[in-house]
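Each chain, letter by letter, is given below.
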Amino acid sequence: MTQYLLSVHSVDGEVGNPMTEEEMQQSWKQIQLLNQELKSAGAWVFSGRLHDPDTATVVRISDGEVVTTDGPFVEAREHLGGFYIIQAEDLDAALVWASKATAAVGKPIEVWPFAATEA
Amino acid sequence: MGDGDAPAIFDQPEVARIFREESGRSVATLIRVVGDIDLAEDAVQEAFAVALRKWPAHGLPPNPGGWITTTARNRALDRLRREARGRELLGEVAVLSSGDQEPGMPEEVGPVQDDRLRLIFTCCHPALSTQAQVALTLRLLGGLSTDEVARAFLVTEPTMATRLVRAKHKIKAARIPYRVPGEHELPDRLRPVLAVVYLVYTAGLTSPANPDLCAEAIRLARILAALMPDEPEVAGLLALLLLTESRRASRLAPDGSLVVLGEQDRTRWDQALIAEGQAIVRRCLRRNQPGPYQLQAAINAVHADAPTVEETDWSQIVALYDHLLAVAPTPVVALNRAIAIGEVQGPAAALALVEELDLDNYHPFHATRADLLGRLGRHREAAVAYQRAAAMAPTDAERDFLRRGGRASR
């Protein structure tokens with residue numbers, strides 16, 4: 001089994017088609033269903049949605065001192081909106097979960113293998 | 001060689017021939033057995049080095065390919081065992097999952113699941129870039145050295161080596177599986193495989209370098225057609241390549257300039273390739289599951305039937321293009337359909353269709369416009385269009401051809 005990060009890519013100020021209340025309910029329901037499906041398949045490790053990038057804080061060491069600044073670290077139009085960590089037999093299996101996730105959240109998903117995943 | 005990939009093997013023509021024919025099969029089997037691409041490549045190279053030492057003295061074994069695979073497998077498993085002593089598990093090394101076979105189990109290849117089929121689907125996995133797909137396929141299945149692949153695509157050897165290392169690393173790290181996709185995935189997964197083989201062929205047409213990529217593409221298409229006899233588009237691709245190849249010798253004038261279809265010396269077309277390609281097209285027609293490659297093959301089969309350009313069955317070609325446009329609605333197909341319509345209804349009808357197309361960055365679009373304008377007597381506009389086409393043409397042969405106003409040098 002390999003663990004994969006499925007990261008959800010959100011675009012700042014994406015105002016194209018703001019979801020209606022009903023669409024949001026629908027999307028929420030689909031995400032819940034996907035979580036259940038992942039769990040019953042034994043593929044779920046962790047998942048979560050993130051607050052806006054404005055809420056992020058950056059901590060780093062500069063000249064031996066801890067410096068804390070307002071985030072995010074990279075100012076970009078695209079940011080991490082949330083993520084899943086799953087385990088799957090191979091990339092093809094992970095891509096099947098990713099296609100379900102992108103259908104549920106309506107945003108592109110990036111699939112990354114974790115480096116050391118064997119427990 | 002100066003390459004390090006195939007030390008001194010090419011000094012012996014017979015071993016070189018066997019290497020070209022058998023290394024893809026051996027590498028494919030070894031990847032399944034040891035679960036690691038680099039280890040498989042090294043082991044097959046070592047086995048050929050052993051062959052070079054042994055065969056001249058002892059003569060060729062009855063089944064040279066099988067001998068190479070067995071020798072490579074023994075070497076690879078020895079190496080795994082040696083390395084595994086320091087570790088605990090032999091299986092740890094095996095990272096490519098084939099799903100149905102534990103690594104380290106020696107098993108003969110059955111006729112049903114040739115390992116080369118797994119290998120081409122792994123090389124052409126959609127998670128890899130097209131460039132990486134092409135490079136991996138030529139390197140692992142075609143047995144080309146890194147240097148040969150680099151020369152074919154006009155990049156330096158280190159650039160190509162880096163591209164291959166990255167692609168192999170992604171296969172390993174992301175765990176791209178080593179198996180033939182299931183029936184339901186096949187349409188999506190077959191598309192890049194066919195595209196890669198076609199791309200290798202067209203690369204061979206525009207860079208007539210050594211090694212001969214056209215021949216390599218046809219070899220790959222033959223392997224695919226033999227391994228997937230039930231896929232009509234695989235047969236269609238092979239037929240398309242054979243029929244295109246039948247005209248390759250007459251495509252270029254002695255000075256290297258391009259000769260268009262209508263002006264080619266048809267007595268120089270390779271009749272054996274035409275017969276083989278047309279037989280496949282007829283089988284495809286009987287099967288009646290048309291797709292883009294089969295339809296393009298059928299169009300080429302109609303051209304091959306005509307002893308002179310005047311005797312071409314253009315209405316048949318238009319009908320095939322109508323069909324092709326329905327299954328593959330791209331502007332390039334629409335352009336070629338317009339050219340065929342020009343032969344049936346005249347240049348004015350064709351020009352009207354061509355003017356509607358959004359292909360400003362595609363030099364054949366300007367060349368076609370130029371030809372149609374010329375035939376309508378609008379020579380000034382034609383000259384401008386020829387200049388635009390020539391400025392965008394990718395090869396010297398095409399540029400010269402277009403600068404002369406679309407006529408072969410005589």
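Residues numbered from 1 in each chain as written. Chains lettered and ligands numbered in written order. Predicted model: local features only at pLDDT ≥ 70, side-chain atom pairs only at ≥ 80, totals over all residues. Heavy atoms only, no water.

J.: Is there a simple way to explain the overall build of chain A in this structure?
T.: Broken down by element type, chain A carries two helices and six strands. Counting helices and strands in the order they occur from the N terminus, chain A gives β-α-β-β-β-β-α-β. Taking the principal axes of the C-alpha coordinates as reference, chain A spans close to 45 × 45 × 20 Å. Of the roughly 8,100 Å² of accessible surface on chain A, a fraction of 56% belongs to carbon and sulfur atoms. Each charge sign in chain A was given a centre, from 7 positive and 18 negative side chains, and these centres are 6 Å apart. (Helix = DSSP H or I, 4+ residues; strand = E, 2+ residues; numbered from the N terminus. Areas by Shrake-Rupley, 256 points an atom, 1.4 Å probe, with all protein chains shown as cover. Lys, Arg positive; Asp, Glu negative; His and termini not counted. Charge placed at Lys NZ, Arg CZ, Asp CG, Glu CD.)

J.: What should I look at first to understand the packing of aromatic side chains in this one?
T.: The geometry of an aromatic ring pair comes down to the distance between the two centres and the angle between the two planes. Going through the model one piece at a time under the given rule, you end up with five aromatic pairs over all chains. Look at B:Phe19 and B:Phe48: their rings are 4.7 Å apart centre to centre, the planes differ by 75°, and that puts the pair in the edge-to-face class. Taken together, the residues span a long stretch of sequence, with B:Phe19 in helix 1 (residues 13-34) and B:Phe48 in helix 2 (residues 37-58) at a distance of 29 residues. A residue is classified by how much of its surface remains accessible, and B:Phe48, at 0% relative accessible area, is buried. In this structure, A:Lys100 packs its charged tip against the face of A:Trp97, placed 5.1 Å from the ring centre. (Phe/Tyr/Trp six-rings, centres within 6.5 Å; stacked < 30°, edge-to-face > 60°. Buried < 20%, exposed > 50% of the residue type's maximum accessible area, 1.4 Å probe, protein only. Lys NZ or Arg CZ within 6 Å of the ring centre and 35° of its normal.)

J.: Is there a simple way to think about the packing of helix 10 (residues 232-245) of chain B against helix 12 (residues 271-287) of chain B in this case?
T.: Helix-helix packing is characterised by the crossing angle of the two axes and by the distance between the axes. Residue and element names in this part refer to chain B. At a minimum axis distance of 8 Å, the contact between helix 10 and helix 12 shows a crossing angle of 150°. What the angle tells us is that helix 10 and helix 12 run roughly antiparallel. Taken as a pair, helix 10 and helix 12 cross one another with a handedness that is left-handed. Mapping the contact onto sequence places Pro232, Ala235, Gly236, Leu238, Ala239, Leu242, Leu243 and Glu245 in helix 10 and Leu273, Ile274, Glu276, Gly277, Gln278, Ile280, Val281, Cys284 and Arg287 in helix 12. When the residues that make up the contact of helix 10 with helix 12 are grouped by side-chain class, the tally is 11 nonpolar, three polar and three charged. (Axes fitted to C-alpha atoms, helices over the stretch in contact; angles between N-to-C directions. Parallel < 35°, antiparallel > 145°, perpendicular 65-115°, else oblique. Left-handed = near helix turned anticlockwise from the far one by under 90°. Contact = heavy atoms within 4.5 Å. Nonpolar A, V, L, I, M, F, W, Y, C, P; charged D, E, K, R; others polar.)

J.: When you look at helix 4 (residues 115-123) of chain B in this model, what are you seeing that I'm missing?
T.: What sets the pattern is the α-helix's 3.6 residues per turn: residues three or four places apart point alike. Residues and elements named next belong to chain B. Counting buried positions along helix 4 yields nine of nine residues, so the element is predominantly enclosed. Residues of helix 4 that are buried include every one of Asp115, Arg116, Leu117, Arg118, Leu119, Ile120, Phe121, Thr122 and Cys123, and no others. On its buried side, helix 4 packs onto helix 1, helix 5 (130-141), helix 7 (157-173), helix 8 (186-206) and helix 9 (213-227).

J.: Help me understand the pairing of strand 3 (residues 57-62) of chain A in this model?
T.: The two faces of the sheet receive side chains in turn, since in a regular strand these alternate between them. Residues and elements named next belong to chain A. Taken together, the six bridges between strand 3 and strand 4 (residues 65-70) define a ladder with antiparallel strand orientation. Residue pairing for strand 4: valine 59 is matched across the bridge by threonine 68. Where strand 3 folds back on strand 4, the antiparallel hairpin that results is connected by two residues, among which aspartate 63 adopts a positive phi of roughly 50°. (Pairing = 2+ DSSP bridges.)

J.: Which parts of the structure should I look at to understand the confidence of the model for chain B?
T.: Reading fine detail from the predicted coordinates is not recommended where pLDDT is low. Residues and elements named next belong to chain B. Overall, the predicted model of chain B reaches an average pLDDT of 87, with 88% of residues at or above 70. Overall, residues 1-10 carries pLDDT values under 50, and its contacts beyond four positions in sequence, including any with other chains, amount to 23 contacts. For the stretch residues 100-112, pLDDT sits under 50, and the model shows 16 contacts to residues farther than four places along the chain or on other chains. Scoring of the predicted complex yields 0.84 for pTM and 0.85 for ipTM. (pLDDT = per-residue confidence, 0-100.)

J.: Would you take a moment to explain unusual backbone geometry for this structure?
T.: Note on backbone geometry: most residues besides glycine have negative phi, and most peptide bonds are trans. With an omega of 0°, the peptide bond running from A:Gly71 to A:Pro72 counts as cis. Among the secondary structure elements, A:Pro72 is positioned in the loop between strand 4 and strand 5 (78-88). One non-glycine residue with positive phi stands out, namely B:Leu154, at about 55°. Position of B:Leu154 relative to the elements: it lies in the loop between helix 6 (146-152) and helix 7. For B:Leu154, a relative accessible area of 73% translates into the label exposed. A positive phi angle, near 55°, is found at B:Asn288, a position not held by glycine. Along the chain, the position of B:Asn288 falls in the loop between helix 12 and helix 13 (292-305).

J.: Any chance you could explain the interface of chain A and chain B here in plain terms?
T.: It is common to report an interface's size as the accessible area lost on association of the parts. Each partner contributes residues to the interface: chain A has eight residues there, and chain B has 11 residues. Taken over both partners, the interface formed by chain A and chain B buries close to 760 Å², and the fraction arising from carbon and sulfur atoms is 47%. Of all residues in chain A, A:Asp90, A:Leu91 and A:Asp92 give up the largest surface area on contact with chain B, accounting jointly for 60% of the area buried on that side. At the boundary of chain A and chain B, one finds four salt bridges. Put simply, B:Arg179 and A:Asp90 hold a salt bridge, and the shortest N to O gap is 3.0 Å. For the side of chain A that touches chain B, the elements supplying multiple residues, two or more each, are strand 1 (2-11) and helix 2 (91-105) of chain A. Sorting elements by how many residues they give to the side of chain A that touches chain B places helix 2 of chain A first, with three residues. Split into classes, the residues belonging to the side of chain A that touches chain B amount to four nonpolar, one polar and three charged. (Buried area = accessible area lost by both parts, 1.4 Å probe. Salt bridge = Lys/Arg side-chain N within 4 Å of Asp/Glu carboxyl O.)

J.: Help me out: how do you make sense of the state of the cysteines in this one?
T.: By definition, a disulfide links the sulfur atoms of two cysteines through a covalent bond. All names here are of chain B. Applying the stated criterion across every chain yields a total of zero disulfides over all chains. Here cysteine 123 stays unpaired: no disulfide links it, and the sulfur of cysteine 124, its closest cysteine neighbor, is 6.1 Å away. Judged by relative accessible area, cysteine 123 falls into the buried class, the value being 1%. (Disulfide = S-S within 2.5 Å.)

J.: Explain the pattern of salt bridges to me, please; I cannot follow it from the model alone.
T.: As a working rule, side chains carrying opposite charge can pair if their charged atoms are close by. Applying the stated rule across the entire model yields 31 salt bridges over all chains. A salt bridge links B:Asp78 to B:Arg81; the shortest N-O distance between them is 3.4 Å. Here B:Asp78 pairs with B:Arg81, and both are found in helix 3 (residues 64-86), just three residues apart, close to one helical turn. The exposure class assigned to B:Arg81 is partly exposed, which follows from its relative accessible area of 46%. Close ionic contact of B:Asp114 with B:Arg116 constitutes a salt bridge, the shortest N to O distance being 3.1 Å. When its relative accessible area of 12% is taken as the criterion, B:Arg116 is described as buried. By sharing partners, the salt bridges in this structure join A:Asp90, A:Asp92, B:Arg179 and B:Arg189 into a single network.

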